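# Tertiary structure, described
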Amino acid sequence: MISSLFRRLAISLTTLLAVLILTFLLLHTIPGGPFDQERVLPPEIEQNLYEKYGLQRRGDENFWVWFGKDLKSYLSYLTRGQLGPSLKYRDRDVSEMMARAIPPSAQLALYSLVLATIGGFFLGLCSARRPNGWPDRLFSFMSSLSVSLPGFVKAVILVMIFSFWLVWLPPALWEGLSYRILPVITLSATPTAYFIQLTRSGLLTQLKQDFIRTARAKGVPERTVLLKHAFKNVAQPLLTVLGPTAAGLITGSFVVETIFAIPGLGRHFVTAIIDRDYFLVMGITLFYAAILIVLNWMVDVGYLWLDPRMRKGVNRG
Amino acid sequence: MKNKLALICSLFLITLFLCALFPQILTPHGFDQQFPQALLATPSAQFWFGTDELGRDLLARILFGARVSLGCALLATAIAAFFGVLYGSLSGFAGGKTDQFLMRILDILYSIPDLLFYILLGLFLGRTFWGMLFALSALGWVNVARIVRGEILKYKEMPFIESAEALGLGGFRILIRHLIPQTTGPLTVTLLFQIPTVILAESTLSFIGLGLTPPYSSWGTLAHEGYQALRFYPHLILFPSLFIFAVIFSFQTIGNRLMEKK
Amino acid sequence: MSNRTILLSLFGIILFSCSSPKPETREIRISLATEPPTLDWNLATDNVSYQILNQLMEGLTQFDDQMNVIPAAAKSWEITDDGKTYLFHLDSNYRWSDGKKVIAEDFRYSWLRLLRPETAAEYAYFLFDIVGARDFNSGRLREENQVGIEVIDPFTLKVSLTKPVVFFPAIATFMVTYPLRKDLFEKYGDNWTDPENMVTCGPYLLKEWWHEYRLKLEKNPLYGGSPRPAIDGITVFLVNEPATVLALYEKGELDIASPPPVALPRYKNHPDMVHAPKLRGYYYGFNTTKKPFDDVRIRQALAMALDKSEIPNILKGGEQPVNSWIPPGMFGFDESIGLKFDPEKGRELLEEAGITPHPNPLPQGERGYFVESPLPRGEGVRGRVKISEITLTFNSDPVNKKIAEWAQGQWKKNLGIDVRLDNQEWKSYLSLLRNDPPGLFRLGWGADYPDPDNFMNLFTSASGNNHTQWKNSEFDRLIGEAATQSDGVKRKGLYDEAQKILLERKTVILPLFAATQNILVREKLRPFPIIPMDFVYYKRVKFKKL
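Everything numeric here is computed off the predicted structure, so don't read it as measured data.

Before going further, it helps to examine the domain arrangement of chain C. By a widespread convention, an interface's size corresponds to the accessible area lost as its parts come together. Residue and element names in this part refer to chain C. For chain C, the assigned domains read domain 1 (3-255 + 522-540) and domain 2 (278-517). Listed per partner, the contact involves 16 residues of domain 1 and 14 residues of domain 2. Summed over both sides, the interface between domain 1 and domain 2 buries roughly 1,300 Å², with carbon and sulfur atoms accounting for 68% of that surface. On the domain 1 side of the contact with domain 2, V166, F167 and M533 bury the most area, a combined 38% of that side's loss. Between the two partners, domain 1 and domain 2, sit one salt bridge. Note that D534 is salt-bridged to K278, the shortest N-O span being 3.7 Å. Linking domain 1 to domain 2 there are three residue pairs in polar contact (both at pLDDT 80 or more). Partitioning the side of domain 1 that touches domain 2 into residue classes produces 14 nonpolar, no polar and two charged.

This part is about the pattern of salt bridges. Side-chain pairing between opposite charges can occur once the charged atoms of the two side chains come close. If you walk through the whole model with that rule in mind, you get 44 salt bridges over all chains. For D136 of chain A, the salt bridge is made with R200 of chain A, and the minimal N-O distance between the two is 2.9 Å. On the criterion of sequence distance, the pair formed by D136 of chain A in helix α5 (residues 134-148) and R200 of chain A in helix α7 (residues 178-207) is long-range, its members being 64 residues apart. In this pair, the class of D136 of chain A matches that of R200 of chain A, namely buried. Two residues, R347 of chain C and E344 of chain C, come together in a salt bridge whose shortest N-O distance is 2.8 Å. Residue R347 of chain C and its partner E344 of chain C are both found in helix α11 (residues 343-352); the two are separated by three residues, about one turn of the helix.

As a general point, the strands of a sheet are linked pairwise by backbone hydrogen bonds and lie either parallel or antiparallel. Residues and elements named next belong to chain C. Strand order in the open sheet formed by four strands is β1-β10-β9-β8, with mixed pairing between adjacent strands. Strands at the two margins of the open sheet, each flanked by one partner only, are β1 (27-32) and β8 (204-210). Adjacent strand axes in the sheet meet at a mean angle of 20°, parallel and antiparallel pairs treated alike. Relative to strand β9 (residues 214-219), β8 runs antiparallel, the two sharing six bridges. Residue pairing in the sheet places E208 in a bridge with K216 of β9.

Chain B puts 27 residues into the contact, and the matching count from chain C is 32 residues. Of the roughly 2,400 Å² buried between chain B and chain C, counting both surfaces, carbon and sulfur atoms make up 51%. Across the chain B-chain C interface, the total number found is two salt bridges. Note that E225 of chain B is salt-bridged to K401 of chain C, the shortest N-O span being 2.4 Å.

Parameters and conventions
- Residues numbered from 1 in each chain as written.
- Chains lettered and ligands numbered in written order.
- Predicted model: local features only at pLDDT ≥ 70, side-chain atom pairs only at ≥ 80, totals over all residues.
- Heavy atoms only, no water.
- Domains from an automatic or database assignment.
- Contact = heavy atoms within 4.5 Å.
- Buried area = accessible area lost by both parts, 1.4 Å probe.
- Salt bridge = Lys/Arg side-chain N within 4 Å of Asp/Glu carboxyl O.
- Polar contact = N/O pair within 3.5 Å; in protein donor to acceptor, adjacent residues only side chain to side chain.
- Nonpolar A, V, L, I, M, F, W, Y, C, P; charged D, E, K, R; others polar.
- Helix = DSSP H or I, 4+ residues; strand = E, 2+ residues; numbered from the N terminus.
- Buried < 20%, exposed > 50% of the residue type's maximum accessible area, 1.4 Å probe, protein only.
- Pairing = 2+ DSSP bridges.
- Axes fitted to C-alpha atoms, helices over the stretch in contact; angles between N-to-C directions.

Structure (structure tokens):
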């Protein structure tokens, strides 16, 4: 058990390293450097800037030599336990910037995930109880709508309805509790829709199975049938998609954070690429990759908990 | 009932394809023809869907946009299917160390956020249709490969494959003739769901400001152009969004139908 | 039961969100598009930082509402030695927020820090006219006493220039020249701009800086300049999305907002709308070394074929179409200079250049209509260049896109040529401009200081920002002479002559319009002291009790 854990850790670290190199490479292939701006700088000033951060200006040298030098400087920051300075925000550190941006994003993702799981499960349950009844049709239409509209369209429609017509909620910013509702709804719309569909189809197949029929024949109340017997079998596919969904929520928050002016990580992520803030992009990418790896672990542990039969398999492997 | 809906959806998609190929059927205006007298006109007999800020017919732009959006989605999906099946079946069929190694690579790609990939590749490849297409298809195959591999692993142990092996059929032949065909069911469904992903990813790119070079436009760019004007000229966002919704809805309905048939 | 709970909690939310009556305070809420990249004024380069720093700090001089340079921390200045030496006399009323007086040494320390190579300040070149500054910045000169910045006494600063630059007092308004306290910088290091450490001498103090979200500014009780601010506090939200800014304004969460271009027509007659010019020019430049733009007639033809009077209808922000380069509102502006709309002449010029229209125009609506032209065989370049291969390159932005699509339509209509459009993401575009400027490209230029030198210097041979690759010694001479010419009439004559070379005789750039500012301002803050630079002195904003 310990050795398999150790092995997994080693694999995760190699994955991280590969992600690091690949992303750094991609960043260097795109045109434009961190200090390019509308007003061209005198060469001596630009030289000072690159030197300050231990980076090189792409001269006539070979691409790989250039890339290697930059990678070396970045790795030297990492080995000192730092994520490096930001290249755009002149006196700030990547780690400090991320530490400030993670809480809002994490809150957003967590609320959305909880809302999507609980909401998706119960709405899916309602749908499965009477297939093709009106709740089923309504939810199925709503989920198609939310899956097939771009995030910014959903956001703007919600703002339109809740802030302008009903005047219930503020259109943006990140102040009190009421400011969190619209972004959370926007962000959770897509996963909720998936969870509804998953729960519904999972339940419908389960309900046709023999053990359910037996339970019903024994006179077990319908509610118990649905919740107790069927739930266990629906939980597994839900759990499978939970990992990628959570990751998607964290990375997918860019549009929501931009529209609702939330000081989160998703916004940084995109603007950092646009600004060619190499170190910030790297910091955030590594963070996301690490989160994904951890999430996958948690999903695996979840499987074990749900289905003891799998424990043997894992121990063997 | 379900059949009828799926039928309607298929008919809608076919009509849309035809109209995208021959937009003259529906509108006499060119997609980049400017009418300075009719800037931001609301829907009328002359312009069914109204006009945009430069006085261009929105219907014509949507139909031309369909070429880009649907073309991009279908081609990207085809590319994803090709590489995904190739990679996944090789990995699943080879098994052992090779399989493990190939799966490691997938894990790495899986750990990089999609958006990072899309943006960086989009910047690297440029703002043309092809650049965008490749950026969007660069990740789609990962998912396909996983599913195909899973299916292959499942069927590899089945009696009919074992008997084929006993009959002395070559490994490659078994893979092509017997294993890959088994994956078509789940594959079709995955691919049908891949199409919406591509359309939506493209719209996110437009939101970031990395959409196509004008005057060409996709539904994503059109919706984004309309987004800021929602409260003033709702037609600019309504029609592109409606088309995005209708297309994704259709593909999903057909996908679900196929899934249920299985 | 669950339904009722949901309803109840929804109701609670509604109550909660409605129950925030704002007490009548003299506080305003505004927004900026991005996080200020830095509040270290020596290092700052961008407008967002400027908009904040401008409230926190003051330099030797400032602008009045008519863009004249007036005293700030310097109560007066003397010019001697044929304009090459400036003596600034500091106002002893100016205090830092910790109570100490602002002295000449603070300026000297700041300016030397700006120039020091280790600081790596991007705008160090603003002081390059000072004796020894350039060499000090590149590291060739290590001795700071040889840089022409001297402290005569605590309240007198002497600046020696290499040439009599007439607009030097205007440079002293700019943020990179604000004074800096040596003791504080050495005490806090890189953290000196944190709200708890930051000591400033302007009308406002930094109270809170929640990165990427908001900044809070509060009136500085020790502020020694004038006027004293009427507004007690300013909260600056960082909102990137223009549509969101507008929504926040409409819901009363912001007091000032600039609406996105598409919303402008709806606010045209709105009482809150404030228009003002902005010293920012917008142009298409030609890379004069690239075919077919190496032929001046083709450049002129393209310039004459745009009916710029349509621009206001398209942009709707009150933009003023221009043919000349020095922007309206600035000394030296002359609207009679530049090529006028004349499609006939444009077609003639094209024909002269050997480009004949296609004999059989293709059916209407058909794309790919182009003319092929044998270009003049100069300097060993032979062969035919397809006019259709003209590409207009610009960076992605709604306004740039709209203007490019409009220009494309105009050239097609008036000259019968197809121009391809290529939009690039900002940094990719900058890298392209630097390494291989496209034949036809878009750029803008905003005033750093309101002097024509700032605009005209751009196209001199030595300018790093001259992407046209055009070099003209006559033009360079005129600009150099004008920078040191103190007689207004003669100076304007020099700039007129230079503009005629730039725009008419050589047509190196094609100016399109002068930008404007369109902002929504609540009634309590009007009349709003807006100036044509891209910032506002909030200390001058009056606060009306309604």
